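Fold and geometry: a report
Residues per chain are reported as follows:
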Amino acid sequence: EAQVTQNPRYLITVTGKKLTVTCSQNMNHEYMSWYRQDPGLGLRQIYYSMNVEVTDKGDVPEGYKVSRKEKRNFPLILESPSPNQTSLYFCASSLTPQGNQPQHFGDGTRLSIL
Amino acid sequence: AQKITQTQPGMFVQEKEAVTLDCTYDTSDPSYGLFWYKQPSSGEMIFLIYQGSYDQQNATEGRYSLNFQKARKSANLVISASQLGDSAMYFCAMRGHASGGSYIPTFGRGTSLIVHP
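Residues numbered from 1 in each chain as written. Chains lettered and ligands numbered in written order. Predicted model: local features only at pLDDT ≥ 70, side-chain atom pairs only at ≥ 80, totals over all residues. Heavy atoms only, no water.

1. Things to note about a nonpolar patch on the surface
Residues and elements named next belong to chain A. Rules: Residues form patches when they are more than 30% accessible in relative terms and have no salt bridge. Like charges link within 9 Å. Nonpolar side chains (Val, Leu, Ile, Met, Phe, Trp, Tyr) link within 5 Å. Computed with the Shrake-Rupley method and a 1.4 Å probe, the accessible areas treat only the protein chains shown as cover for residues. Definition used for salt bridges: Asp or Glu carboxyl oxygen within 4 Å of a side-chain nitrogen of Lys or Arg. Only DSSP runs of H or I reaching four residues or more are called helices, and only runs of E reaching two or more are called strands; each is numbered from the N terminus. Each residue gets one of three labels from its accessible area relative to the maximum for its type: buried under 20%, exposed over 50%, partly exposed in between, using a 1.4 Å probe on protein chains only.
A cluster of nonpolar side chains, Ile12, Val14 and Leu114, forms an exposed patch at the surface whose accessible area comes to about 330 Å². Looking at the element boundaries, Ile12 is found in strand S2 (residues 10-13). With a relative accessible area of 63%, Ile12 lands in the exposed category.

2. Some remarks on the nonpolar core
Residues and elements named next belong to chain B. The test is simple: The term nonpolar core refers to a set of buried residues drawn from Ala, Val, Leu, Ile, Met, Phe, Trp, Tyr and Cys, joined through side-chain atoms within 4.5 Å. Contacts were defined at the residue level, with two residues in contact if any of their heavy atoms lie within 4.5 Å.
Membership of the largest hydrophobic core comes to 24 residues, with the highest contact counts inside it found for Leu34, Trp36, Ile49, Leu77 and Tyr90. Looking at this core, the elements that each hand over two or more residues are strand S3 (19-21), strand S5 (32-39), strand S6 (46-52), strand S8 (64-69), strand S9 (74-79), strand S10 (88-97) and strand S12 (111-116). Considering each element in turn, this core owes the most residues, 4 residues, to S10. Ignoring sequence-local partners within four residues, the contact set of Leu77 consists of Val19, Thr20, Leu21, Trp36, Leu48, Ile49, Tyr64, Ser65 and Tyr90.

3. Quick word on the side chain of Ser24(A)
Residue and element names in this part refer to chain A. Put simply, the rule reads: Residues adjacent in sequence count toward polar contacts only when both atoms are side-chain atoms; beyond that, a polar contact is any pair of N or O atoms within 3.5 Å, and within protein one must be able to donate a hydrogen and the other to accept it.
For Ser24, the position within the fold is in strand S3 (residues 19-25). Relative accessible area serves as the criterion here: at 18%, Ser24 is assigned to the buried category. Within polar-contact distance, the side chain of Ser24 engages the side chain of Asn73 at 3.1 Å.

4. Examining the pairing of strand S4 (residues 31-38) of chain A
Residues and elements named next belong to chain A. Here is the rule: The pairing criterion for strands is at least two bridges between them, as found by DSSP.
S4 sits mainly inside the fold: 8 of its 8 residues count as buried. Of the two faces of S4, the one holding Tyr31, Ser33, Tyr35 and Gln37 and the one holding Met32, Trp34, Arg36 and Asp38 are both buried throughout. Pairing between S4 and strand S9 (residues 87-94): 7 bridges, direction antiparallel. Within S9, the residue paired with Tyr31 across the bridge is Ser94. Across 7 bridges, S4 lies against strand S5 (residues 42-51) in antiparallel orientation. For Ser33, the partnering residue across the bridge sits in S5 and is Tyr48. What sits between S4 and S5 in their antiparallel hairpin is a turn of 3 residues, with Gly40 showing a positive phi close to 80°.

5. Digging into the interface of chain B and chain A
Basically, it comes down to this: When two components associate, each loses some accessible surface as probed by a 1.4 Å sphere; the sum of these losses over both components is called the buried area. When residues are grouped by polarity, Ala, Val, Leu, Ile, Met, Phe, Trp, Tyr, Cys and Pro land in nonpolar, Asp, Glu, Lys and Arg in charged, and all others, Gly among them, in polar.
Counting from both sides, the interface comprises 21 residues of chain B and, opposite them, 24 residues of chain A. Both faces combined, the contact of chain B with chain A buries some 1,800 Å², and carbon together with sulfur accounts for 55% of it. When the buried area of chain B at its contact with chain A is split by residue, Met45(B), Arg95(B) and Phe107(B) rank highest and sum to 28% of it. Summed over the shared surface of chain B and chain A, the number is 0 salt bridges. At the boundary of chain B and chain A, one finds 5 residue pairs in polar contact (both at pLDDT 80 or more). For the side of chain B that touches chain A, the secondary-structure elements that each account for two or more residues are S5, S6, S10 and strand S11 (103-107) of chain B. Taken together, the residues of the side of chain B that touches chain A sort by class into 10 nonpolar, 8 polar and 3 charged.

6. Brief notes about the state of the cysteines
Residues and elements named next belong to chain A. We count it as follows: A pair of cysteine sulfur atoms is labelled a disulfide when the two atoms are within 2.5 Å.
Per the counting criterion, the structure on display carries 2 disulfides over all chains. Here Cys23 engages in a disulfide with Cys91; their sulfurs sit 1.8 Å apart. Residues Cys23 and Cys91 are joined by a disulfide whose S-S torsion is about -70°; by sign, that bridge is left-handed. Here the residue Cys23 occupies a position in strand S3, and Cys91 occupies one in strand S9, the gap between them amounting to 68 residues. Given a relative accessible area of 2%, Cys23 falls into the buried group. By relative accessible area, which is 0% here, Cys91 ends up buried.

7. Structural notes on the sheet that holds strand S7 (residues 65-66) of chain A
All names here are of chain A. Strand order in the open sheet made by the 4 strands is S1-S3-S8-S7, with antiparallel pairing throughout. The two strands at the open ends of the sheet, each matched to only one other strand, are strand S1 (4-7) and S7. Examined bridge by bridge, S3 and strand S8 (residues 76-78) share 3 bridges and lie antiparallel to one another. Bridge pairing in S8 links Thr20 to Ile77.

Now the structure itself:
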């Protein structure tokens, strides 16, 4: 089954404790991205990757890191999480970065930073 | 810069009736794609329908159709014969060309649809 898999689905942690949210897709998609969703703000892009070893900042990259060592994986790293990073996070992928490609989303990760 | 505006924070519709969710966009790109996604209360994002800026006909996918009016820069989603399972948040999105060669996605803030029995 074609899918984007994120883990964990839920995480409660404390300020300053490094965490990683994993994302994997099995569709051989080139383009992957991370979003955060906050009430009233819709989805905002954090980082994106056009292909292996090619990543770039989105609209809200501060406090986050990503890497793309393999085509299928695109982890999101919070080196020193803070309470303002409490949010719903989505990983998404599309076949190419082109404008006619819909993004396929993971089920989301609800992150709470205390 | 590109922008998506969804002016209806919430909409109510009676079961079996049709409903239109509004979306207007702004971009200077000649080539772009417009998308609608559904987010049920369980949280996942589900792709519904796509419209290309050069497509001559409005997109349709089952009970979903996209009323694309390029001159007015609008891409409204029409859901026919609403069902209780259509109750969800709906997001309009656009992918327009960025200077780096990627098509940067932009999302609206969403419209919450509630279908009454």
